[in-house]
Amino acid sequence: MTAVTANVDAPVLLDLPPLDAARFARIEDKVAALMRTRCDVVATQGEALLPLEACIRSAVRPGSTALNIITGPYGETFGGWLRSCGAEVVTLSAPFTGAVTAEQVADALRERPEIDFVSLVHAEAATGNTNPVAEIGAVVREHGALLMLDAVASVGAEPLLTDEWGVDLCVIGGQKALAGPAGVSAVSVSARAWERIAANEQAPRRSYLSLLDWKERWIDAGRTALPHAPAQLEMLALEQAVDRIEAEGLDRVIARHRAAAAAIRAGVAVLGGPVPYVIRDEHAAPAATTLRAPAGVDAREVVAAAVAADGAVPVQAAAGALAAEMIRVNHYGQAADRAVVLASLAALATGLRALGVEVDEDAAAGAAGAAWDEVIAAA
């Protein structure tokens, strides 16, 4: 039998006083301010897939028609949930090398006027692209459908104007640009969305997926008594992450993420070998940059060699069908940093050389540094 021992030198938060309803509500209010919304915000006690599924199962009723926009793997997941709710799903897919356009969304809505729900991912960290939510939101609002937005990889990395863009259900997580915990998340719910959810007889009740339970037992009751024991450590970590964003300044945090994306793309352009997977700069997500491996070179081998050179860099291979061709450089949260970006490029250069690819590391570092400085100076 193996004994389990604790590292007594590691700081562990134990025996904390209970997280009361007032503190929980204050954290929700801080999150609402970050999301730029005056709508109800519920801090859900689990990873962001929890409120994303809860939104769909709460707002989508059998016999409805939903437009599911796919620009990466999470959009594909939403389609399965929509179908399991009994909805007919109209799929609008864009290549993972770019973004969907508002014109494409408008065309889909004109062709199927019965569409009453639209699901969209703001930024896909897995594929490195980001979608024009402001323009898409205007089209969806004019059509009269509800808009659900997955903003997990975008909040803190790029502007998120939930109310101004007409987003009815907006889900965020703390683990990416906020550099916070993955164990809690949040969803904002518009008045229109609450009406739709209340009218849906199939909306979950007495369930971890029930938004109506939160509304009735928490929001409508004045947020004075929590409906169940909160994830205390994660909630406090989320508060600290949001406070840290406020202290630095959201505009400054967004500028760091934009600078990181610009620097990686500029460096790769002169490095030699890989090229950006997302073709146009304006379609590139500030949270992560994806690269196409050189012809004849396996992306997984490049990543393995790069990580062997510097195990601290946030470089990884893609998952699934893209694993052999896509390299992903994460630059969200604390990794949206000039030194981290330059170290990532240096590790990629070392890994590529180890595989026989000719690279110009000095040129890449120079171009990346200049791009970083230009974005920060303009912020």
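Each value, and the rule that gives it
Per chain, the residues get numbers from 1 upward, laid out in the order the sequence is written. Only residues with pLDDT of at least 70 are given local features in this predicted model, and only at 80 or more are side-chain atom pairs given and counted; all residues enter the totals for whole chains, interfaces and linings. With hydrogens and water excluded, all non-hydrogen atoms of the structure serve as input to the side-chain values. UniProt positions are given in the numbering used here, feature names are shortened, and annotations may be inferred rather than shown by experiment. Think of it this way: DSSP has to see at least two bridges between two strands before they count as a pair. Here a helix means four or more residues in a row that DSSP labels H or I, a strand means two or more in a row labelled E, and each is numbered from the N terminus. Whether two residues touch is decided by their heavy atoms; if any such pair falls within 4.5 Å, the residues are in contact. Think of each axis as a best-fit line through the C-alpha atoms, taken over the contacting stretch in the case of a helix, with angles from 0 to 180 degrees between the N-to-C directions. These descriptions rest on fixed angle ranges, namely under 35 degrees for roughly parallel, over 145 for roughly antiparallel, 65 to 115 for roughly perpendicular, and the rest for oblique. A crossing counts as left-handed when the near helix is turned anticlockwise from the far one by less than a right angle, and as right-handed when that turn is clockwise. In the scheme used here, Gly and all other residues not listed as nonpolar or charged are polar, with Ala, Val, Leu, Ile, Met, Phe, Trp, Tyr, Cys and Pro taken as nonpolar and Asp, Glu, Lys and Arg as charged.

As recorded by an unreviewed UniProt entry, the chain carries the name Aminotransferase class V-fold PLP-dependent enzyme and is attributed to Streptomyces yunnanensis. Among the UniProt annotations of the chain, the heading Sequence similarities (unreviewed entry) holds the following wording: "Belongs to the class-V pyridoxal-phosphate-dependent aminotransferase family." Its UniProt record gives the chain the following Cofactor (unreviewed entry) comment, quoted word for word: "pyridoxal 5'-phosphate".

*Asks:* So what exactly am I meant to see when it comes to the sheet that holds strand β12 (residues 315–317) here?
*Replies:* One open sheet accounts for four strands, arranged β10-β11-β13-β12; its pairing is antiparallel. The open sheet is flanked by β10 (275–276) and β12, the only strands paired with a single partner. The pairing of β10 with strand β11 (residues 288–292) spans two bridges and is antiparallel. Within β11, the position partnered with Val-275 by the bridge is Arg-292. Contacts from helix α9 (residues 250–271) reach β10, β11 and β13 (326–330), with the element oriented near 20° to β11. Helix α10 (residues 299–309) rests against β12 and β13 of the sheet, and its axis sits at about 155° to β12.

*Asks:* What is the right way to read the packing of helix α2 (residues 49–59) against helix α3 (residues 73–84) from this model?
*Replies:* Two quantities define a packed helix pair, namely the angle between the axes and the distance from one axis to the other. Their axes nearest at 9 Å, the elements α2 and α3 cross at an angle of 40°. When the axes of α2 and α3 are compared, the pair comes out oblique. Between α2 and α3 the crossing geometry is right-handed. Across from Leu-49, Leu-52, Glu-53, Ile-56 and Arg-57 in α2, the residues of α3 making contact are Tyr-74, Phe-78, Trp-81, Leu-82 and Ser-84. Split into classes, the residues belonging to the contact of α2 with α3 amount to seven nonpolar, one polar and two charged.

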